[in-house]
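# Structure assessment
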Amino acid sequence: MAILTRRSVVRGSLGLIAAGTFARPFIANAAATTAEVWFAQGFVPEEDAAFKTMAAAYEKASGNKIDYSLIPFAALRQKAISAITSGVVPDMIELADFQLGPLQAWDDKLTDVSDVVEPVKSQYVQGALPCTYLYNSVTKKRGYCAIPMKIAAVPFHIWKSLVEKGGGKIADLPKTWDAFMDFFKPVQKGLRAAGMRNVYGMGYQLTATGVDPINTFNAWMIAYGGQGLITPDGKLHSDDPHIKEAVIKTIVNLSTAFKDGYVPPGCVNWNDADDNNAFHSKLMVMDFDGTISTEVALYHEKEKYDDILTHGLPLSNEGKELPSQVNLFGPVIPKGAKNVAVAKEFGKYMIQPKVLNEYLKAGLGRWALPIPEIVKSDPFWLKEDPHRTAYTTQSVLAPTMPIYEAYNPAIAQVGAENAFMSAVIAVMKDGAKPEAEADKALKRAETIFAKYPIASS
Amino acid sequence: MTTASAIDIGGPAIARDSLWRTLRGSLKSSEYVWALAFLVPYIAVFFVFVVYPAGYGMWLGSKPSLYLDLLSDPIYQSTIVNTVLFLGIAVNLKMFCALLLSGFFMRPGWWVKGMLMIFVLPWAVPALPEFISIHWMLNGEWGLLNNVFYALFNVDGPSWLNERWLALGSAMYAHIWKNLPFWTIILLAGRMSIPTEIRDAAKVDGATGIRSFLYISFPLLANLYLICTLLSTIFTLGDFNSVTFISGGGPANSTHVLATLGIRDAFDLANPRLGVAAVMSALPVMIPLVIILMRKLKTAEVQL
């Protein structure tokens, strides 16, 4: 056995350091063909399998390696924020919510991917593209900061059997907004009379966490004429009386339905998936929730799957078609990524229309394809499944508008604080006055917007 | 031009030599190098795993403007109230119950030992499934508790998690239920270490039952009880699970405590610096607690 001496230890250590130094360039070269990618885990195994197949196909075609992790979306958001804050980032992160991208783009933390998006952008839903065309407060310019892959809107989900058991008929579903909501009130009464003690006509998140309550508030506000709360130039129009009126009407409508007992009381404390769970357990007849994950989760339980009706937005109370707010989800390349070239190449591969179509189809169509021409020509999207047909029509073919966050990230902070839904909660739980709460929420929005000035182009 | 005297030149050299000797102690030169070689890994580990994370956290939360943002946030103000209530009520109630229960578990009998085994289960089982099942039990519409109310009395119970004080109380209940066994065991061990001779002597003098507790057990346990209460306060200040998994900080962010608000600010608001600042704002309470604890631990060396 060799005897350790001070000299031998020092000599050995120096040798190791030298070997490491000489080997480093070769290790770096080897890693230059590998991209570290974080993607959101799907709601169903088919979504994850679809991503793995796409990544394997890219590896085979390019010779590069995609070192991916599929992470539940809430954990992915935390990981993404931690990585971007510390500066130790992977080469690609899928942003699975609609607040983080605009906020990080504002802070100049995302690589411009215009060269990836430009070749295919003419094929996309034009009304949705601004979702990835974000403002950078350092360069004072907008640019494509995310690679658009999946389009999502918020449809209604309705148990057909509960409607009928409650004495209603699906064919009688009203076409306009308020009448559509009121339809479920007698249905609830009918179900209670039939002995179902804990069942509610309507279900939506009236909570102050997550993005679902923001979707709910925005959809109601747009239905009541408040579409112009934020305009594409990034300006907030809190002083517009029409906007204020729409905000008050939304607060009144949502809080009254709660106070009258047509919404499950627990919805004030729901987390993201709680409304899905409540709907699946038939706690309510109707739910308003993003994507068709509610239906897809029951894909293998045919009877239940077929018992759900997926329904797009009703018309406004004046009978006009309403635009659905949509978001384009997709990955970003954070600044500081080591292998930007491989990440961009992988991005270009993923958004080739044919590749993207096959990927989203393999994921059971939970996310719609943002390319109208393929949607119209591939029977998968509009002909084979009633849920997909309704959802794809709403997200891709019917009128759409981008989420407000695309115009100004300030609304992302307003949303993260859930300023508007907090107003609804104050009215329905503390008996506050809707007008006063609307003023308070709009004032808070003004304060936040003052921190996010956007230069006019 | 000034000239240096022999003493001026020799002074620093002597000082350097004496510093060198102080550092080396009685070690010879080769021993000194080996001592350093063995010490360096420990210092490196200490820096990487203790100094760096703590320092990085402090750096993240070092901007004074963050604390102004916190103070202007109404959710932070209600969080401070919740945190004080949580610490004041949950910790003291838990420790007092633990003190009483430790007396009960001192009783002889196989069934007492059996009950102790069952009693320890909530602490031994992982927290997450327990808290999730309590959360479900408390669900206003379909939870077990309200269904039992309805079955027994034909009335609907309250919405436990939809009102601020009920939801905060539910989170406190879950915290106490989860941690009570641990502190009971600690105080039980304390009671068992009281020499039986003292009790026997007290018995001879006529001190039994409540008198024995007041004049024998409690004075001897007082220091341990105080240390346990201080430790529990420090642990509870960082307790994230009880609130997150029972009330989720809701309704409308009204039941947050500092530990959960930090996570909410860091990740829901995508502002990690603000999240760190929220947690750091507990330091003015935390540091005195640690100092008192250290002092008490010193006195504990000579007491029970």
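Residues numbered from 1 in each chain as written. Chains lettered and ligands numbered in written order. Predicted model: local features only at pLDDT ≥ 70, side-chain atom pairs only at ≥ 80, totals over all residues.

A count of helices and strands for chain A gives 21 helices and twelve strands. At 25 Å, chain A has a C-alpha radius of gyration in line with the 23 Å of a compact globule built from 457 residues. Each principal axis of the C-alpha atoms in chain A carries an extent, and together these give about 90 × 50 × 50 Å. Scored against the burial criterion, the 457 residues of chain A give a buried share of 51%. Nonlocal contacts in chain A, meaning residues at least 24 apart in sequence, comprise 76% of its contacts between residues at least 6 apart. (Helix = DSSP H or I, 4+ residues; strand = E, 2+ residues; numbered from the N terminus. Rg over C-alpha atoms; globule rule 2.2 N^0.38 Å. Buried ≥ 20, exposed ≤ 12 C-beta atoms within 10 Å, placed from the backbone. Contact = placed C-beta atoms within 7 Å.)

Turning next to the sheet that holds strand β8 (residues 200-203) of chain A. Residues and elements named next belong to chain A. On the basis of which strands lie adjacent, the open sheet formed by four strands has the order β8-β9-β7-β10 and mixed pairing. Sheet topology places β8 and β10 (308-311) at the edges, where each strand pairs with a single neighbour. Going across the sheet, the axis of each strand differs from the next one's by a mean of 15 degrees, ignoring polarity. (Pairing = 2+ DSSP bridges. Axes fitted to C-alpha atoms, helices over the stretch in contact; angles between N-to-C directions.)

Attention shifts here to the domain arrangement of chain B. In terms of domains, chain B is made up of domain 1 (6-57) and domain 2 (74-300). Placing the centre of domain 1 of chain B and that of domain 2 of chain B at their C-alpha centroids yields a distance of 45 Å. (Domains from an automatic or database assignment.)

Moving on, we come to the interface of chain A and chain B. The partner chain B presents 21 residues to the 25 residues of chain A that form the contact. Residue assignment for the side of chain A that touches chain B shows that the elements contributing at least two residues are α3 (73-86), α4 (100-106), α19 (410-416) and α20 (419-430) of chain A. If you tally residues by element for the side of chain A that touches chain B, the top one is α3 of chain A, at four residues. A class-by-class count of the residues in the side of chain A that touches chain B yields ten nonpolar, eleven polar and four charged. (Nonpolar A, V, L, I, M, F, W, Y, C, P; charged D, E, K, R; others polar.)

Right, let's talk about the domain arrangement of chain A for a bit. Residue and element names in this part refer to chain A. Domain annotation for chain A reports domain 1 (35-148 + 327-398) and domain 2 (156-323 + 404-449). When each unit is reduced to the centre of its C-alpha atoms, the spacing between domain 1 and domain 2 is 27 Å. In this assembly, 23 residues from domain 1 lie in contact with 20 residues from domain 2. A per-element tally of the side of domain 1 that touches domain 2 places helix α18 (residues 386-397) first, with six residues.

With that out of the way, let us pick up the nonpolar core. Counting residues in each nonpolar core, the largest one holds 150 residues, and the members touching the most others are Met202 and Leu206 of chain A. No other element matches the nine residues that α20 of chain A contributes to this core. Other than its neighbours up to four places away in sequence, leucine 206 of chain A contacts Pro213, Leu254, Phe258, Val263, Cys267, Val268, Met421, Val424 and Ile425 of chain A. Counting 42 residues, the second-largest nonpolar core is a separate cluster that includes Met95, Ala167, Leu261 and Val276 of chain B. (Core = buried A, V, L, I, M, F, W, Y, C linked by C-beta atoms within 7 Å.)

Let us now look at the pairing of strand β4 (residues 133-136) of chain A. Residues and elements named next belong to chain A. In this sheet, strand β5 (residues 141-144) lies alongside β4 in antiparallel orientation, the contact comprising four bridges. Directly across from tyrosine 133, in β5, lies its bridge partner tyrosine 144. Hairpin remark: β4 followed by β5, antiparallel, with four residues in the connecting loop; positive phi at lysine 140, about 60 degrees.

This brings us to the packing of helix α8 (residues 164-192) of chain B against helix α10 (residues 209-237) of chain B. Residues and elements named next belong to chain B. Between α8 and α10, the least distance of the axes is 10 Å, while the angle of their chain directions is 145 degrees. Every pair of crossing elements has a handedness; the one defined by α8 and α10 is right-handed. Where α8 approaches α10, its residues His175, Trp183, Ile186, Leu187, Gly190 and Arg191 are matched on the opposing element by Ser217, Leu221, Leu224, Tyr225, Cys228, Ser232 and Thr236. Broken down by class, the residue content of the contact of α8 with α10 amounts to seven nonpolar, five polar and one charged. (Left-handed = near helix turned anticlockwise from the far one by under 90°.)

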